[in-house]
Amino acid sequence: MARDTKTRIFVAGHRGMVGSAIVRRLSELGYTQLIMATHNELDLVNQQAVKDFFASQNIQQVYIASAKVGGIHANNTYPAQFIYENLMIEANLIHAAHEAGIQQLLFLGSSCIYPKAAPQPMKEEALLTGLLEPTNEPYAIAKIAGIKLCESYNRQYGRDYRSVMPTNLYGQNDNFHPDNSHVIPALIRRFHDATISKADEVVIWGSGTPMREFLHVDDMAAASVHVMELDASLYHAHTQPMLSHINVGTGVDCTIRELAETIAKVTGFTGRLTFDSSKPDGTPRKLMDVSRLKALGWQSTIPLETGLRNAYDWYLENVENVRVS
């Protein structure tokens, strides 16, 4: 579709890692009518509040980048919150967008929607073909529901609501909480602390053998805007009414051990890496098949080590400075 930089775009979750990257990308492309609301200004779990907000803002396009997210520990500890809050956020936003007459919406999901034993690399067609990874099943169920909400409003009302499923994301504005973060920010923090304290060992959860794919959030934002801006005939020529989501990733994975070794290099840690195999590994491998997205004209551009250096630089400036000041 032709780019109209005056389009009034609501980015839900603009303070999060993905949402803030989408805002940066839209701004870089010249979009000037970006609508944002903090949690204090708009509680996305509150259906009436979301409905009233949409009724008052003359929104023309929506990016749903708001979600409750976390790593294995957080998903295991707060399963009820993960399924409830994510279901409510997406249902409220998608329904309010429809009621406000908004034709264009992009829902951001997760690669955890696919079965634990899905053939690798995971194609979009693998959705709902097997059991999910138990450690994040509630979150995955919510994200699957978001895809099906978009598809259902498309089928019943002729909307053009699209879904993108990113692989594991990292980058600036990530969550570096010592307990509730994903693997990359958790390891960056742990390796940084070990480097500063001159520790001789860093202990890493799991065996180190699971394979993971990682995408820098700036690549994810670029892909999201690319998919949103695709002409409807092109997008729907590559999808189906009940299989409409598109994978977003690099198409390349590495072991957790290799990831840890790269982060050690980036942070300057020279000690020993120890793997605690008593801790859960999660899914053995999660590699996305990104051939559909490539056919639609987009592929990632940020190599892993480059992206990790960018993430570590952001951590030093925005997290570590706060911790020591």
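Asker: Would you explain the environment of threonine 267 in this entry?
Answerer: Here threonine 267 shows up in helix H9 (residues 256-267). Taking the relative accessible area as the measure of exposure, threonine 267 reaches 7% and is therefore buried. Remark: the alpha-carbon pair of threonine 267 and glutamate 213, spanning 54 residues in sequence, is separated by 20 Å. Contacts of threonine 267, omitting those with residues within four sequence positions, involve Ile188, Phe191, His192, Thr195 and Tyr312.

Asker: Quick question: what am I supposed to make of the sheet that holds strand E13 (residues 285-286) here?
Answerer: Through backbone hydrogen bonds, the strands of a sheet pair up, either in parallel or in antiparallel fashion. Spatially, the three strands line up as an open sheet ordered E11-E8-E13, and their pairing is mixed. With partners counted over all chains shown, the strands left at the sheet margins are strand E11 (254-255) and E13, one partner each.

Asker: Is there a simple way to think about the pattern of salt bridges in this case?
Answerer: Any two side chains of opposite charge can pair, on the condition that their charged atoms come close. Scanning all chains against the criterion turns up 13 salt bridges. Between lysine 148 and glutamate 151 there is a salt bridge, with its nearest N and O atoms 2.9 Å apart. In this pair, lysine 148 and glutamate 151 both sit in helix H5 (residues 137-157), three residues apart, roughly one turn of the helix. When its relative accessible area of 24% is taken as the criterion, lysine 148 is described as partly exposed. A relative accessible area of 1% means that glutamate 151 is categorised as buried. A salt bridge links aspartate 160 to arginine 162; its shortest N-O distance comes to 2.7 Å. The buried category is assigned to aspartate 160, whose relative accessible area is 9%.

Asker: It is not clear to me how the packing of aromatic side chains should be interpreted in this structure. Could you clarify?
Answerer: Aromatic ring pairs are reported here in terms of the distance separating the ring centres and the angle at which the planes meet. Counted by the stated rule, this structure contains nine aromatic pairs. A centroid spacing of 5.7 Å and a plane angle of 90 degrees characterise the contact between phenylalanine 10 and phenylalanine 54, whose relative ring orientation is edge-to-face. With phenylalanine 10 in strand E1 (residues 9-12) and phenylalanine 54 in helix H2 (residues 47-57), this residue pair connects regions lying 44 residues apart in the sequence. Comparing phenylalanine 10 with phenylalanine 54 shows no difference in burial state: the two are buried. Seen from their ring centres, phenylalanine 82 and tyrosine 139 are 6.2 Å apart, and the 80 degrees between their planes marks the pair as edge-to-face. Residue phenylalanine 82 is found in helix H4 (residues 79-99), and its partner tyrosine 139 is found in helix H5; the two are separated by 57 residues along the sequence. The exposure class assigned to tyrosine 139 is buried, which follows from its relative accessible area of 10%. Each member of the aromatic cluster is reached from another via a ring pair, and the members are Phe176, Tyr312, Trp314 and Tyr315. The ring of tyrosine 78 is capped by lysine 68, whose NZ or CZ atom sits 6.0 Å from the centre of that ring. Over the aromatic face of phenylalanine 82 sits the side chain of lysine 68, whose NZ or CZ is 5.4 Å from the ring centroid.

Asker: Got a minute to help me understand the packing of H2 against H4 in this structure?
Answerer: Between two packed helices, the angle of one axis relative to the other and the distance separating the axes together describe the packing. Here H2 crosses H4 at 35 degrees, and the two axes come no closer than 9 Å. Remark: the crossing between H2 and H4 carries right-handed chirality. Mapping the contact onto sequence places Gln47, Val50, Lys51 and Phe54 in H2 and Asn92, Leu93, Ala96, Ala97 and Glu99 in H4. Here the contact of H2 with H4 is composed, by residue class, of five nonpolar, two polar and two charged.

Asker: Sorry, what's going on with the sheet that holds E1 here?
Answerer: Read from one edge of the open sheet, six strands run E2-E1-E3-E4-E5-E10, paired in parallel fashion. A strand with exactly one partner marks an edge of an open sheet, and here the two such strands are strand E2 (34-35) and strand E10 (245-248). Sheet analysis places E1 next to strand E3 (residues 61-64), joined by four bridges and oriented parallel. Within E3, the position partnered with phenylalanine 10 by the bridge is valine 62.

Asker: What's the story with the environment of valine 164 in this structure? I'm lost.
Answerer: Note that valine 164 resides in strand E5 (residues 160-166). Sequence separation between valine 164 and phenylalanine 269 is 105 residues, and the spatial gap between their C-alpha atoms is 36 Å.

Asker: Can you walk me through unusual backbone geometry in this structure?
Answerer: Residues apart from glycine generally show negative phi values, whereas peptide bonds are mostly found in trans. A cis amide bond links glutamine 120 to the next residue, proline 121, at an omega of -10 degrees. Mapped onto the elements, proline 121 comes out in the loop between strand E4 (104-108) and H5. A positive phi angle, near 65 degrees, is found at leucine 128, a position not held by glycine. With respect to the helices, strands and loops of the structure, leucine 128 is situated in the loop between E4 and H5. Judged by its relative accessible area of 58%, leucine 128 falls in the exposed class. Phi is positive for asparagine 173, close to 70 degrees, though the residue is something other than glycine.

Asker: Looking at this structure, I do not really get the nonpolar core. What am I missing?
Answerer: Where a protein is soluble and globular, its nonpolar side chains tend to be buried together. Counting residues in hydrophobic clusters, the biggest one holds 40 residues, and the most contacted among them are Phe10, Phe54, Val62, Leu93 and Leu105. Secondary-structure elements contributing two or more residues to this core are E1, H2, E3, H4, E4, H5 and E5. With residues near it in sequence (within four places) discarded, phenylalanine 10 still touches Ile35, Met36, Ala37, Leu42, Phe53, Phe54, Ile59, Gln61, Val62, Tyr63 and Leu93. Val18, Leu29, Leu106 and Ala222 belong to the second largest nonpolar core, which has 33 residues in total.

About the thresholds
Residues numbered from 1 in each chain as written. Predicted model: local features only at pLDDT ≥ 70, side-chain atom pairs only at ≥ 80, totals over all residues. Heavy atoms only, no water. Helix = DSSP H or I, 4+ residues; strand = E, 2+ residues; numbered from the N terminus. Buried < 20%, exposed > 50% of the residue type's maximum accessible area, 1.4 Å probe, protein only. Contact = heavy atoms within 4.5 Å. Pairing = 2+ DSSP bridges. Salt bridge = Lys/Arg side-chain N within 4 Å of Asp/Glu carboxyl O. Phe/Tyr/Trp six-rings, centres within 6.5 Å; stacked < 30°, edge-to-face > 60°. Lys NZ or Arg CZ within 6 Å of the ring centre and 35° of its normal. Axes fitted to C-alpha atoms, helices over the stretch in contact; angles between N-to-C directions. Left-handed = near helix turned anticlockwise from the far one by under 90°. Nonpolar A, V, L, I, M, F, W, Y, C, P; charged D, E, K, R; others polar. Core = buried A, V, L, I, M, F, W, Y, C linked by side-chain atoms within 4.5 Å.

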